[in-house]
Amino acid sequence: MAFELPNDFRCPISLAIMSDPVILQSGHTFDRVSIQRWIDSGNRTCPITKLPLSETPSLIPNHALRSLISNFAHVSPQESSRPRTQQEHSQQSQSQALISTLVSRSSSNASKLESLSRLVRLTKRDSLIRRKVTESGAVRAALDCVDSGNQVLQEKSLSLLLNLSLEDDNKVGLVADGVIRRIVAVLREGSLDCKAIAATLLTSLAVVEVNKATIGSYPDAISALVSLLQLGNDRERKESATALYALCSFTDNRKRVVDCGSVPILVEAADSGLERAVEVLGLLVKCREGREEMSRVSGFVEVLVNVLRNGGLKGIQYSLFILNCLCCCSREIVDKVMREGVVGICFGLEDNESEKIRRNATNLVHTLLGNPMNS
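Worth saying up front: this structure is predicted, and the values here are computed from it rather than measured.

Caption draft 1: Molecular detail of the side chain of Asp 20. Within the secondary structure, Asp 20 sits in the segment before β1 (21-23). Asp 20 gets classed as buried once you look at its relative accessible area, which sits at 6%. In contact with Asp 20, other than residues within four places in its own chain, are Phe 30, Asp 31, Arg 32, Arg 66, Asp 168 and Asp 169.

Caption draft 2: Local environment of the sheet that holds strand β2 (residues 29-31). Here we have three strands laid out as an open sheet, ordered β2-β1-β3, and antiparallel in their pairing. Bordering the open sheet on either side are β2 and β3 (60-61), each of which pairs with just one other strand. Along the sheet face, helix α1 (residues 32-40) touches β1, β2 and β3 and points at about 95 degrees away from the line of β2.

Caption draft 3: Fine view of the state of the cysteines. Under the counting rule described, the total for this entry stands at zero disulfides. Left unpaired, Cys 11 is separated from the closest cysteine sulfur, that of Cys 46, by 11 Å. Summary of cysteine pairing: Cys 325 is not part of a disulfide, and the nearest cysteine sulfur, belonging to Cys 328, is at 6.7 Å.

Caption draft 4: Up close: the side chain of Ser 157. Mapped onto the elements of the fold, Ser 157 is located in helix α7 (residues 151-164). Owing to a relative accessible area of 0%, Ser 157 belongs among the buried residues under this scheme. A distance of 2.9 Å separates a polar side-chain atom of Ser 157 from the backbone oxygen of Leu 153. Apart from the residues lying within four places of it in its own chain, the contact partners of Ser 157 are Leu 116, Ala 142, Cys 145 and Val 146.

Caption draft 5: Spotlight on the environment of Asp 168. Residue placement: Asp 168 occurs in helix α8 (residues 168-176). For Asp 168 and Ser 19, which are 149 residues apart along the polypeptide, the C-alpha to C-alpha distance reads 9.1 Å.

Caption draft 6: Region of interest: the nonpolar core. Core analysis: the largest hydrophobic core is formed by 99 residues, its most contacted members being Leu 161 and Val 179. Top contributing element to this core by residue count: helix α19 (residues 313-327), with eight residues. Apart from the residues lying within four places of it in its own chain, the contact partners of Val 179 are Leu 143, Leu 161, Leu 174, Leu 201 and Leu 205.

Caption draft 7: Expanded view of the pattern of salt bridges. Under the criterion given, the structure shown has 17 salt bridges. One salt bridge connects Glu 209 with Lys 212, and the closest N-O pair in it is separated by 3.4 Å. Of this pair, Glu 209 and Lys 212 both sit in helix α11 (residues 209-217), separated by three residues, roughly a single helical turn. Residue Glu 209 is classed as partly exposed on the basis of its relative accessible area, which comes to 23%. Of the charged contacts in the structure, one is a salt bridge between Arg 296 and Glu 293, with a shortest N-O distance of 2.7 Å. Of this pair, Arg 296 and Glu 293 both sit in helix α17 (residues 288-296), three residues apart, which is roughly one turn of that helix. One connected set of salt bridges, linked through shared partners, spans Arg 130, Arg 131 and Glu 167.

Caption draft 8: Looking closely at the confidence of the model for the chain. Confidence in the prediction of the chain, expressed as mean pLDDT, is 88, and 91% of residues score 70 or more. Across residues 75-82, confidence stays below pLDDT 50; counting only partners more than four residues off in sequence or on other chains, it has 11 contacts.

Caption draft 9: Representation of the packing of α7 against helix α10 (residues 192-205) in the model. Contact geometry for α7 and α10: axes closest at 9 Å, N-to-C directions at 20 degrees. In terms of their interaxial angle, α7 and α10 are classed as roughly parallel. With respect to the hand of their crossing, α7 and α10 are arranged in left-handed fashion. Contacts between α7 and α10 involve Gln 151, Gln 154, Glu 155, Leu 158, Ser 159, Leu 161 and Leu 162 on the former and, on the latter, Asp 193, Cys 194, Ile 197, Thr 200, Leu 201 and Ser 204. For the contact of α7 with α10, a count of residues per class yields six nonpolar, five polar and two charged.

Caption draft 10: A look at the environment of Val 337. Turning to its location among the elements, Val 337 is positioned in helix α20 (residues 331-339). Classification of Val 337 by relative accessible area gives buried; the value is 0%. Not counting the four nearest positions on each side in its chain, Val 337 is found in contact with Val 301, Leu 323, Cys 327, Val 342 and Leu 368.

Caption draft 11: Spatial organisation of unusual backbone geometry. One non-glycine residue, Leu 15, lies in the positive phi region at around 65 degrees. Tracing the backbone through its elements, the reader meets Leu 15 in the segment before β1. Its identity as a non-glycine residue notwithstanding, Lys 50 has a phi of 70 degrees, on the positive side. Here Lys 50 shows up in the loop between α1 and β3.

What counts as what
- Residues numbered from 1 in each chain as written.
- Predicted model: local features only at pLDDT ≥ 70, side-chain atom pairs only at ≥ 80, totals over all residues.
- Heavy atoms only, no water.
- Helix = DSSP H or I, 4+ residues; strand = E, 2+ residues; numbered from the N terminus.
- Buried < 20%, exposed > 50% of the residue type's maximum accessible area, 1.4 Å probe, protein only.
- Contact = heavy atoms within 4.5 Å.
- Pairing = 2+ DSSP bridges.
- Axes fitted to C-alpha atoms, helices over the stretch in contact; angles between N-to-C directions.
- Disulfide = S-S within 2.5 Å.
- Polar contact = N/O pair within 3.5 Å; in protein donor to acceptor, adjacent residues only side chain to side chain.
- Core = buried A, V, L, I, M, F, W, Y, C linked by side-chain atoms within 4.5 Å.
- Salt bridge = Lys/Arg side-chain N within 4 Å of Asp/Glu carboxyl O.
- pLDDT = per-residue confidence, 0-100.
- Parallel < 35°, antiparallel > 145°, perpendicular 65-115°, else oblique.
- Left-handed = near helix turned anticlockwise from the far one by under 90°.
- Nonpolar A, V, L, I, M, F, W, Y, C, P; charged D, E, K, R; others polar.

Okay, structure coming up:
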């Protein structure tokens, strides 16, 4: 007879059985993906106690509970252990054969390419196959294909690594296996398609806090993304900006991004309509170096005002925030913003559907009209 899994095994947020339990500084345990999503949404309180958290909350692996859940899984029926269909069994068998071909030193490039292509399709949606590929030693073979110099092999192996990184358990392991070195090399020398996938892979890896620090401190990682933002096409620029945004949520990386000369490039990208560039600037403005660089860029205020008039919700939200931060520090920028008619724009945003836009607009008006530098 089936029996209930202990409630302690369930994440308080998702109510699902935890696969990667972590302890928040409040002492409560959550599934990593759920609490990370909570934190990434801007929440800085414990979901249970409502007590405040630090700006960058630490997530400590709960190895004891994870082991308990794993041991329990071997002796009890789980809600996730539904019978697998005949098709799923077939895919499992296929994946084993494909992995064998990929890791074999005697396999030709054509055989490896075929295996990679099929594994990419299989791992896109099947978590079990992703774990099987990781545990089989195929990651090392995929990394070798990235190093091969064969553009087609490189693209498929990066796609496989991207799929494998969807598993939170794999994110730190991939970095430990040396994936960042390969990503940086591709960002420098790969094809445009490979560069886009490499940037997306960095974004996926940067979901984990420790990886943000590792990637940010790796030589040329940030500068390679900034170069791609400057020289890439639309897809590559969007993916590089997204990766920079993910990395800049880690405070120490903001100065690194500024030091790579990113601010003028981000402003130019924002002016061309890349809204994600405005979001990155919204993180860089939180550091002194970022504010100083922005104040030096000719036409920066005008670019942000244009976003206020014509941009999407995120662009407007971050533009208001950036202008407020800069106006708090510079009389010259206050004067520029006032001349651009921003107060009137802010009044027009009072009924906006976004609570963050309404709040940021109110804050900016208060800064402009109540700022002693403007009297």
